[in-house]
Amino acid sequence: FASRTIDWEAGDPAAVTQLHAWLDKLWSDSAKNQPMPTGKSSVATLYADGGYFALAAPLVDAAKSRIWLCTYGMNLDPSNATSPVTQLVNKIAAAKKRGVQVRVALDQSGDWAELGNDINAESGLHMAKLGLEVRADPKEIVTHAKFLLVDDTLMLGSNNWSYGGFQSYHEVGCRTGHTATVQALAAFFDKLWAVSGPFV
């Protein structure tokens, strides 16, 4: 891990500076959300507390070929039209109607109790009603990954698709078009998709 951190710093010191600044703010006052300080990273656009939706929504709106979503937890409340989770799912459904390939992979391991599994299953059912293809990983696998792949751009971060993950928890992540990273996560998704299926 240390060597990878050094490589990242050598290749993109601006991102490291941003992360340090965010951590300093969080250290000073962890009781409130701390947005990612602005910066000029050459590799990725970083986000933090509450910053996911603003980066993900335009990507989905502009999607042309694929939207692949993998998340450990999804708490979708279709009755709440103002929820950023609901808004993003509706945007994904609109992309599907434009001809974009949509695949959603959710966890069903039981790792976070039956309530969590029920929430994922209910969210998956609603997305299926919108015409989206949704699969659950095998129960013996814990898929804790959280990423959104739109065409050749990747959103990768710590947040689940939930109110907490989008609005109230301390979260950090990035949007990047870094080719090797995008290809690696696409290959991971392909393998996960191949062994996933209906919720059981």
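Structural data are supplied above this passage.
Residues numbered from 1 in each chain as written. Predicted model: local features only at pLDDT ≥ 70, side-chain atom pairs only at ≥ 80, totals over all residues. Heavy atoms only, no water.

A.B. asks: I tried to follow unusual backbone geometry on my own but got confused; where do I start?
C.D. replies: Peptide bonds are mostly trans, and most non-glycine residues show a negative phi. Of note, aspartate 151 is a non-glycine position whose phi angle comes to about 55°, a positive value. Locating aspartate 151 in the fold gives a position in the loop between β5 (147-150) and β6 (153-157). (Helix = DSSP H or I, 4+ residues; strand = E, 2+ residues; numbered from the N terminus.)

A.B. asks: Is there a simple way to think about the packing of aromatic side chains in this case?
C.D. replies: The geometry of an aromatic ring pair is captured by two quantities: the separation of the ring centres and the angle between the planes. For the structure shown, the criterion picks out eight aromatic pairs. Relative to phenylalanine 189, the ring of tryptophan 68 lies with its centre 5.0 Å away and its plane at 20°, an arrangement referred to as stacked. Here tryptophan 68 is found in strand β2 (residues 66-71), whereas its partner phenylalanine 189 is found in helix α7 (residues 179-195), with 121 residues between them in sequence. Considered together, tryptophan 68 and phenylalanine 189 belong to a single accessibility category, that of buried residues. With a centroid separation of 6.2 Å and an interplanar angle of 80°, the aromatic rings of phenylalanine 147 and phenylalanine 189 are classed as edge-to-face. With phenylalanine 147 in strand β5 and phenylalanine 189 in helix α7, this pair connects stretches of sequence that are 42 residues apart. An aromatic cluster is defined as three or more aromatic residues linked by ring pairs; in this entry it consists of Trp68, Phe147, Phe188, Phe189 and Trp193. Over the ring of tryptophan 68 we find arginine 66, and its NZ or CZ is 4.8 Å from the ring centre. (Phe/Tyr/Trp six-rings, centres within 6.5 Å; stacked < 30°, edge-to-face > 60°. Buried < 20%, exposed > 50% of the residue type's maximum accessible area, 1.4 Å probe, protein only. Lys NZ or Arg CZ within 6 Å of the ring centre and 35° of its normal.)

A.B. asks: What should I look at first to understand the state of the cysteines in this one?
C.D. replies: As used here, a disulfide is simply a covalent bond connecting the sulfur atoms of two cysteines. Within the structure shown, the criterion is met by zero disulfides. Cysteine 70 forms no disulfide, and the closest cysteine sulfur to it belongs to cysteine 174, at a distance of 15 Å. (Disulfide = S-S within 2.5 Å.)

A.B. asks: Help me understand the packing of helix α3 (residues 52-61) against helix α4 (residues 84-97), please; the structure alone is not making it clear to me.
C.D. replies: Angle between the axes and distance between the axes: these two values describe a pair of packed helices. Closest axis-to-axis distance for the α3/α4 pair is 9 Å, and the angle between their directions is 15°. Between α3 and α4, the interaxial angle falls into the category roughly parallel. You can see that α3 and α4 cross each other, and the crossing is left-handed. Of the residues in α4, those touching α3 at Tyr52, Phe53, Ala56, Ala57, Val60 and Asp61 are Pro84, Gln87, Leu88, Lys91, Ile92 and Ala95. Of the residues assigned to the contact of α3 with α4, the class counts are nine nonpolar, one polar and two charged. (Axes fitted to C-alpha atoms, helices over the stretch in contact; angles between N-to-C directions. Parallel < 35°, antiparallel > 145°, perpendicular 65-115°, else oblique. Left-handed = near helix turned anticlockwise from the far one by under 90°. Contact = heavy atoms within 4.5 Å. Nonpolar A, V, L, I, M, F, W, Y, C, P; charged D, E, K, R; others polar.)

A.B. asks: I keep staring at the pattern of salt bridges and nothing clicks. Help me out?
C.D. replies: Tallied over the full model, the rule gives three salt bridges. In this structure, aspartate 152 and arginine 66 form a salt bridge, with 3.5 Å as the shortest nitrogen-oxygen distance. Here the residue aspartate 152 occupies a position in the loop between β5 and β6, and arginine 66 occupies one in strand β2, the gap between them amounting to 86 residues. Look at aspartate 152 and you get exposed, because its relative accessible area is 53%. Glutamate 133 serves as the salt-bridge partner of arginine 135, at 3.5 Å between the closest nitrogen and oxygen. The class for glutamate 133 is partly exposed, based on a relative accessible area of 35%. (Salt bridge = Lys/Arg side-chain N within 4 Å of Asp/Glu carboxyl O.)

Purely geometric numbers; function is a separate question.
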